[in-house]
Structures are given as structure tokens and as C-alpha cells.
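Survey of secondary and tertiary structure
As a plain string of letters, each chain reads:
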Amino acid sequence: MTTTLPWHDRRVLDGVPTGLWIGGRSVPAVNNAQFDVLDPATENIVATVADASVDDARLAVEKAVEASAEWAATAPRERSEILRRAFELVSGRSEQFAALMTLELGRALPDSMAEVKYAAEFLRWFSEEAVRITGRYGLGPAGTGHIMVDHAPVGPCLAITPWNFPLAMGTRKIGPALAAGNVMLVKPAQETPLTMLALAAAFAAAGLPEGVLSVLPTTDARGVVSTILADDRIRKISFTGSTPVGRALMAQAAERVQRSSMELGGNAPFLVFEDADIDAAVDGAFAAKMRNGGEACTAANRFLVQASILDEFTDKLVERMAALKMGPGYGRDVTLGPMVSASQRNSVAALVDAAKADGARVRLGGITPDGPGFFYPATVLDQVDPYAPITREEIFGPVAVISSFENESDAITAANSTQYGLAAYFYSRDVQRCQRVAAALDCGMVGVNRGVISDVAAPFGGVKHSGIGREGGSEGIAEYLTTKYIAHI
């Protein structure tokens with residue numbers, strides 16, 4: 001493979017560190033190891049970055065611990081101003097960040113531009129939350145003394161971020177951690193380390209003290225993460241990724257009673273009732289399914305449509321998805337880029353092939369194109385049993401699976417028949433039904449007549465095997481604070 005950028009302007013990599021980010025600067029790995037970052041559209045190498053080892057992890061922990069006390073004692077207003085400057089820097093470099101994400105993740109450039117805006121807002125939101133950490137004070141019920149409740153930083157934190165939203169998942173974790181006065185180490189996804197390294201450089205430019213933020217790209221995720229968590233001075237882990245990995249991390253964190261926030265798998269149902277505005281439902285379905293090319297934990301995974309409107313809804317969704325233009329994410333007018341890797345593309349293709357063998361009808365797509373690149377077309381399957389195997393798995397790709405239902409009770413039963421409980425969506429114009437269904441859906445987030453529900457001011461997270469804890473909103477900073485009760489006369 002050759003190191004080739006897909007467009008003539010190579011400035012997309014200008015100023016992006018390719019070393020480990022430790023002690024406020026870019027440094028080589030202790031053993032000088034490196035690994036390649038690929039362009040999913042061409043399979044060419046676009047950059048080579050340092051590959052952290054367990055020795056690098058130990059060094060990063062030491063640097064973080066050295067900076068911890070001073071950062072915790074830093075005035076909330078000063079922490080706030082640094083986050084605000086980081087927001088302005090990321091916003092001001094939005095085109096570069098977007099191009100960088102498209103280059104290493106593959107997705108269409110408009111999706112990357114949307115992520116930059118979303119990601120930057122977490123920095124602005126938590127810059128404001130930094131100065132609003134409150135406690136309480138009052139006379140105890142017995143009248144014999146006073147109760148004072150205060151909050152303190154939880155301590156050094158580890159964040160493990162996924163490849164599908166490499167900037168937003170960073171700012172959604174780093175923002176509240178820094179706002180609360182914690183230092184943080186970040187292990188980014190192997191597929192997309194460049195975005196996180198660029199973010200670290202932006203924080204340094206914003207005035208973040210050395211050692212407060214470390215970034216450790218690595219091909220040895222298990223070794224690096226285990227080394228960090230084995231240190232008793234690490235007090236919290238925040239992870240976004242698969243449920244099996246999340247379970248393993250929770251087990252390791254439990255050995256040292258480290259606090260855990262886990263945003264894990266999803267299997268979001270999308271219900272369309274016969275009283276819905278069908279055109280609006282199609283718009284919402286398209287947004288819920290195709291955001292980030294379907295590579296999102298909140299993506300609509302199963303479409304449950306009332307039988308009386310099934311054909312109309314399906315025809316319109318097929319038409320909408322057929323209009324997508326597939327190609328390199330940085331290509332002109334491209335709206336569907338490649339998937340992030342060959343393994344991810346092959347996983348989606350295998351699910352579709354199995355569904356076809358089980359009797360699903362292919363209304364659109366369903367065939368893997370020739371390479372190069374990890375492309376998979378927009379695909380619609382209908383005539384799928386609502387309990388078929390493909391409805392039990394998180395597809396994580398541009399595949400819409402459509403089933404029908406007869407009544408509200410059946411729809412809710414099918415929607416809740418999963419170990420996951422992150423997000424759910426439904427469309428109806430009946431106000432009472434909206435209240436009933438929203439209450440009945442067993443998940444952490446519900447979109448009512450909305451296909452996009454993520455909001456920096458709202459708590460993000462799920463129930464059951466979709467995780468524990470919340471990110472975003474005022475709830476997000478609470479995950480990085482400990483509560484201290486002080487009793488006095």
C-alpha cells in the first residue's frame with residue numbers, strides 16, 4: 001500500500017500529532033512502535049501513528065497523577081475558560097476536523113461536518129457546567145447540627161472511545177471530566193486515532209496544563225487498558241463500545257471498585273402506527289437509520305410498521321434510500337461512504353445474507369460491490385419476521401429491516417423483546433398513544449415523532465445490556481463527581 005491522500009490538498013493532516021500525547025506533547029512510543037491508519041475508501045495508508053505499549057501506559061498514568069491535584073484545585077472559572085477556548089478552536093477548524101474524520105472513518109463529509117458541530121457543543125456545554133457544580137447546606141431535622149453536602153472530582157479517569165464518532169465521543173467524555181476537575185487518559189479506537197490526537201493538540205492550544213489529558217493510540221488495547229485499570233490511582237472508567245467488551249471492563253474495574261460509565265450496544269426499534277404522518281415517518285426513519293451511514297448505536301435497527309400502512313411506508317423508504325450516492329466520503333455529492341473496515345463490512349453482509357436465506361425479501365441493495373474500499377450499499381429488507389435472527393443483532397450498517405404488526409400491544413412486545421435498551425423511536429398523531437407507548441418502551445431514550453434524538457443538553461444512555469450511567473446534560477458531569485457529607489454544629 002502507498003501513502004496517498006485522496007485529494008490534492010494535503011493540509012488536512014497539518015498540525016495533527018502522530019505520536020502519543022503524554023505530558024502535553026506528542027512523543028514517540030517507548031519502543032518506537034507504530035501502526036498505519038487506512039482510508040476505508042481506497043485502503044491506502046494515510047498516516048502512521050505511534051503504537052502505545054504497557055510502558056507508555058504507565059508513563060501516561062504517572063504524568064496524569066502528577067497533574068491531578070493541581071488541576072482539581074484549579075478554579076472552576078479557569079477550567080471553564082479553557083473548555084470554552086477549546087470549543088472555539090474546534091469550531092474554527094471544523095472543515096479540517098471533518099475532513100480528517102472522513103479520511104480515517106470513511107463516512108460522507110456532510111455527516112462529518114455535522115459531528116464536528118455536535119462534538120464542539122459538548123465543550124461549550126460543559127464549560128458552562130463547570131461553574132455550576134453546587135452543593136447544599138441546612139439544619140438537620142433533629143436540630144442538633146448542620147448538614148453540608150459538597151462535590152469533588154472523582155479522580156484520574158480513563159476513557160475508551162469508539163471509531164464511529166471519534167470526535168463527539170471524545171468531547172462527551174473529556175468535557176465533563178475536565179469541567180469537574182479530573183485528569184483523563186484516552187484510548188481511542190485503533191481505526192480512528194488521528195481525530196483524538198488533533199483534539200488533544202487543540203486542548204493544548206486552549207491552555208490545558210500538561211498531563212491533564214493523555215491520548216494513547218495502540219494496537220494492544222487489552223494490554224494498555226488493563227495496565228491503566230490495574231493502577232489503584234485510576235478512579236473511573238468511561239467506555240463506549242460493544243456489550244461483551246463492556247462486561248469485561250466492568251469486571252476488571254470492580255476489582256478496584258472503580259466507578260464505571262458504560263454506553264454499550266443498541267437494537268433500536270422504530271415503530272410506525274397507522275395514524276402517523278407517513279411522509280414525516282419516512283423522513284424520521286431515514287434520519288434514524290442513515291445517520292453516520294448506519295454506523296451508530298442509536299441507529300434504528302428494526303422497523304415495525306402497522307400492516308395497514310406497510311406497503312406505502314416501505315415503498316417510500318426504499319425510494320428515499322435508493323437516492324443515496326455511494327462513493328468515497330470526500331467525493332462530490334457523496335451521501336454514503338464506505339464502512340470503517342473490511343471486518344465491519346463483512347459482518348453486515350453476513351447478516352443480510354443470513355436474513356435472505358431465512359426468507360427476507362431484498363427491496364434494495366444487499367450485494368457487496370467489488371473493491372477497493374469497504375463499501376456496502378444502502379439496503380432494505382422486508383417480509384422479515386419481527387423475531388427473526390437479524391432483528392436480534394445490532395446491524396451497525398446501512399441496512400433497514402422491516403416487519404409488520406397488527407396492534408399496539410404486539411408492537412410494544414416486539415420492540416421490547418431484546419436484551420438491549422438504548423433508544424427507540426415511534427410515529428403517531430394520537431396524543432394518548434404517544435404517552436402510552438413512550439412509557440411502555442423499555443429503553444433509556446425515546447424519540448416521539450423524531451428520528452434524531454441526541455442533544456448535548458440531554459442525558460444519553462440506556463438500560464439493560466445497553467449500559468449504565470449517562471453522558472451529556474447536567475447528569476453528565478455528575479458521573480465525574482463524588483459526594484461528600486460534612487456534619488458540623
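Refer to the structure presented above.
Residues numbered from 1 in each chain as written. Predicted model: local features only at pLDDT ≥ 70, side-chain atom pairs only at ≥ 80, totals over all residues. Heavy atoms only, no water.

So, the state of the cysteines
- Within this structure, the stated rule accounts for zero disulfides.
- Cys297 forms no disulfide, and the closest cysteine sulfur to it belongs to Cys443, at a distance of 13 Å.
- Overall, the relative accessible area of 12% leaves Cys297 in the buried class.
- Residue Cys443 is classed as buried on the basis of its relative accessible area, which comes to 17%. (Disulfide = S-S within 2.5 Å. Buried < 20%, exposed > 50% of the residue type's maximum accessible area, 1.4 Å probe, protein only.)

A look at the sheet that holds strand β6 (residues 146-153)
- Strand order in the open sheet formed by three strands is β5-β6-β22, with antiparallel pairing between adjacent strands. Edge positions in the sheet fall to β5 (136-139) and β22 (481-488), since each has one partner strand and no second. For this sheet, the mean inter-axis angle between neighbouring strands, taken without regard to orientation, is 20°.
- As paired elements, β5 and β6 share four bridges and run antiparallel to each other. Paired with Tyr137 across the bridge in β6 is Met148. (Pairing = 2+ DSSP bridges. Helix = DSSP H or I, 4+ residues; strand = E, 2+ residues; numbered from the N terminus. Axes fitted to C-alpha atoms, helices over the stretch in contact; angles between N-to-C directions.)

Looking at the layout of surface pockets
- Roughly 1,100 Å³ of volume is contained in the largest pocket.
- Looking at the lining of the largest pocket, the elements that each hand over two or more residues are α7 (221-229), β10 (236-240), α8 (243-255) and α11 (342-357).
- Here the element with the most residues in the lining of the largest pocket is α8; it accounts for six residues.
- Looking at the lining of the largest pocket residue by residue, the classes come out as 18 nonpolar, 14 polar and seven charged.
- Within this model, the second largest pocket holds a volume of roughly 410 Å³.
- Residue lining of the second largest pocket: 20 residues in total, with Asp111, Ala114, Met290, Arg291 and Asn292 positioned closest to the centre.
- Residue assignment for the lining of the second largest pocket shows that the elements contributing at least two residues are α4 (109-129) and α9 (278-290).
- Sorting elements by how many residues they give to the lining of the second largest pocket places α4 first, with five residues.
- Across the lining of the second largest pocket, the residue classes break down as twelve nonpolar, three polar and five charged. (1 Å grid on protein atoms, 1.4 Å probe; cavity = no way out; pocket = protein on both sides within 12 Å on 5 of 7 lines; lining within 4 Å. Points joined across faces, edges and corners; volume = space filled by probe spheres on them. Nonpolar A, V, L, I, M, F, W, Y, C, P; charged D, E, K, R; others polar.)

Some points on the side chain of Asn292
- With respect to the secondary-structure elements, Asn292 resides in the loop between α9 and β13 (300-306).
- Looking at Asn292, its side chain comes within polar contact range of the side chain of Arg107, at 2.3 Å.
- Beyond its immediate stretch of four places on either side in the chain, Asn292 contacts Leu105, Arg107, Asp111, Asn164 and Phe165. (Polar contact = N/O pair within 3.5 Å; in protein donor to acceptor, adjacent residues only side chain to side chain. Contact = heavy atoms within 4.5 Å.)

Topic: the sheet that holds strand β12 (residues 268-272)
- Sheet architecture is open: seven strands sit in the order β14-β15-β16-β13-β12-β18-β19, paired in mixed fashion. The sheet terminates laterally at β14 (361-364) and β19 (445-448), the two strands that pair on one side only. Across the sheet, the mean angle from the axis of one strand to that of its neighbour is 25°, orientation sign disregarded.
- Along the sheet face, helix α12 (residues 408-416) touches β12, β13 and β16 (399-405) and points at about 170° away from the line of β13.

Some points on the side chain of Ser261
- Assignment of secondary structure puts Ser261 in strand β11 (residues 259-263).
- For Ser261, a relative accessible area of 5% corresponds to the buried category.
- A polar side-chain atom of Ser261 sits 2.5 Å from a polar atom in the side chain of Lys236.
- Setting aside residues up to four positions removed in sequence, Ser261 forms contacts with Lys236, Ile237, Ser238, Phe239, Ile468 and Glu479.

Structural notes on the packing of aromatic side chains
- Under the defined criterion, the tally for this structure stands at eight aromatic pairs.
- On the basis of an interplanar angle of 70° and a centroid distance of 5.0 Å, the ring pair of Tyr118 and Phe122 is categorised as edge-to-face. With a gap of four residues between them, Tyr118 and Phe122 both fall in helix α4, about one helical turn apart.
- Exposure remark for Tyr118: the relative accessible area of 13% places this residue in the buried category.
- Residue classification places Phe122 among the buried residues on the basis of a relative accessible area of 1%.
- For the ring pair Phe273 and Phe405, a centre distance of 5.4 Å and an interplane angle of 70° mean the geometry is edge-to-face. Remark: Phe405 occurs in strand β16 and Phe273 occurs in the loop between β12 and α9; sequence separation between them is 132 residues.
- Members of the aromatic cluster, each reached through a chain of ring pairs, are Phe270, Phe303, Phe313, Tyr425 and Tyr427. (Phe/Tyr/Trp six-rings, centres within 6.5 Å; stacked < 30°, edge-to-face > 60°.)

Some details on α7
- When α7 is considered as a whole, its buried residues turn out to be Gly223, Val224, Val225, Thr227, Ile228 and Leu229.
- Residues of α7 that are buried in the fold lie against α1 (54-73), β7 (157-160), β8 (184-187), β10 and α8.

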